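# Observations on chain architecture
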Amino acid sequence: MAALGGMILVIFAVMLVLGLLVGGLILKFSVRLLQGFSPSYGKSILVVFLSGVVGFIIQMALTMVMGVGAGMTDPSSMGNEAAAAGMMMASLGIMGVSLLAALFITAFFINLLIKSPTGQAIGYGRSCLVSLLYLVAMVVLGFVASIVIGIIIGMMGVGAAAMAG
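Residues numbered from 1 in each chain as written. Predicted model: local features only at pLDDT ≥ 70, side-chain atom pairs only at ≥ 80, totals over all residues. Heavy atoms only, no water.

### So, the overall build of the chain
What the chain contains, in helices and strands, is four helices and zero strands. Helices and strands in the chain line up, N terminus first, as α-α-α-α. Compactness check: the chain gives a C-alpha radius of gyration of 20 Å against a globular reference of 15 Å for 165 residues, more than 25% above the reference. Considering only C-alpha atoms, the chain reaches an extent of 65 × 40 × 25 Å along its principal axes. Counting every position in the chain, which comprises 165 residues, the buried fraction comes to 23%. A sequence separation of at least 24 residues applies to 64% of the contacts in the chain between residues at least 6 apart. Just so you have it, the chain exposes about 10,700 Å², and 81% of that area is on carbon and sulfur atoms. (Helix = DSSP H or I, 4+ residues; strand = E, 2+ residues; numbered from the N terminus. Rg over C-alpha atoms; globule rule 2.2 N^0.38 Å. Buried < 20%, exposed > 50% of the residue type's maximum accessible area, 1.4 Å probe, protein only. Contact = heavy atoms within 4.5 Å. Areas by Shrake-Rupley, 256 points an atom, 1.4 Å probe, with all protein chains shown as cover.)

### Observations concerning helix 4 (residues 124-164)
Given a rise of 1.5 Å per residue, 41 residues ought to cover 60 Å, and the 58 Å separating the end C-alpha atoms of helix 4 matches this to within 8%. Of the residues making up helix 4, those classed as buried are Ser127, Cys128, Val130, Ser131, Tyr134 and Leu135. In this structure, the buried side of helix 4 is in contact with helix 1 (2-35), helix 2 (41-66) and helix 3 (81-113). (Expected span 1.5 Å × (residues − 1).)

### Some words on the nonpolar core
With 17 residues, the main nonpolar core has Leu27, Val31, Val47, Ile110, Ile114 and Tyr134 as its most contacted residues. Elements with a contribution of two residues or more to this core: helix 1, helix 2, helix 3 and helix 4. No other element matches the six residues that helix 3 contributes to this core. Ignoring any residue separated from it by four or fewer positions in sequence, one finds tyrosine 134 in contact with Gly23, Ile26, Leu27, Ser30, Val48 and Thr106. (Core = buried A, V, L, I, M, F, W, Y, C linked by side-chain atoms within 4.5 Å.)

### A few points about the environment of glycine 52
Note on placement: glycine 52 falls in helix 2. Residue glycine 52 is classed as partly exposed on the basis of its relative accessible area of 41%. For the pair formed by glycine 52 and alanine 102, sequence separation is 50 residues and the distance between their alpha carbons is 8.0 Å.

### Details of the packing of helix 3 against helix 4
Where helix 3 meets helix 4, the axes come as close as 8 Å, and the angle between the chain directions of the two elements is 125 degrees. Regarding the angle of helix 3 to helix 4, the classification is oblique. Where helix 3 crosses over helix 4, the handedness of that crossing is right-handed. Between helix 3 and helix 4, the contacting residues are Leu99, Ala102, Leu103, Phe104, Thr106, Ala107, Phe108, Ile110 and Asn111 on the first element and Tyr124, Ser127, Cys128, Val130, Ser131, Leu132, Tyr134, Leu135 and Val139 on the second. (Axes fitted to C-alpha atoms, helices over the stretch in contact; angles between N-to-C directions. Parallel < 35°, antiparallel > 145°, perpendicular 65-115°, else oblique. Left-handed = near helix turned anticlockwise from the far one by under 90°.)

### Digging into the packing of aromatic side chains
When we look at a pair of aromatic rings, we describe it by the centre distance and by the angle of the planes. Counted according to the given criterion, the structure contains one aromatic pair. With a centroid separation of 5.2 Å and an interplanar angle of 70 degrees, the aromatic rings of phenylalanine 108 and phenylalanine 109 are classed as edge-to-face. For phenylalanine 109, a relative accessible area of 10% corresponds to the buried category. (Phe/Tyr/Trp six-rings, centres within 6.5 Å; stacked < 30°, edge-to-face > 60°.)

### Some details on the side chain of serine 98
Its place among the elements puts serine 98 in helix 3. When its relative accessible area of 14% is taken as the criterion, serine 98 is described as buried. In contact with serine 98, other than residues within four places in its own chain, are Gln59 and Leu62.

Structure (structure tokens):
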């Protein structure tokens, strides 16, 4: 069981690093597409990293404030469909607010760290536009990656079932 936990941690770390690298690349191309210049890859990765850390903290705070997850392990709520539906709706609400917060957090760090070739900030409005393009690209990429991973896991399950007889 410990080996499985270690393997999951390694996979999580690799996915985190890959996500950071791909996110930096997508942000770099988003700025290039909308602003006409390309920031350094290091600055793009720094923006993605800082945005992710601040976004994670805000998402945890929202989860605590809204109390999602507090009743998930309560034995008295087991079998209560209305409570489960309420928790699911609260979770979806938190995801929506977190995505909106991520837009403005990323725009803040873009405006703070990425400068035009003249050395001036690109402005918060343009940073919001870059952030919107970046987040749309990341959400689409996340959906595609989820589908691919689901297909791979499904094929592994079929293979395991065929081997089991």
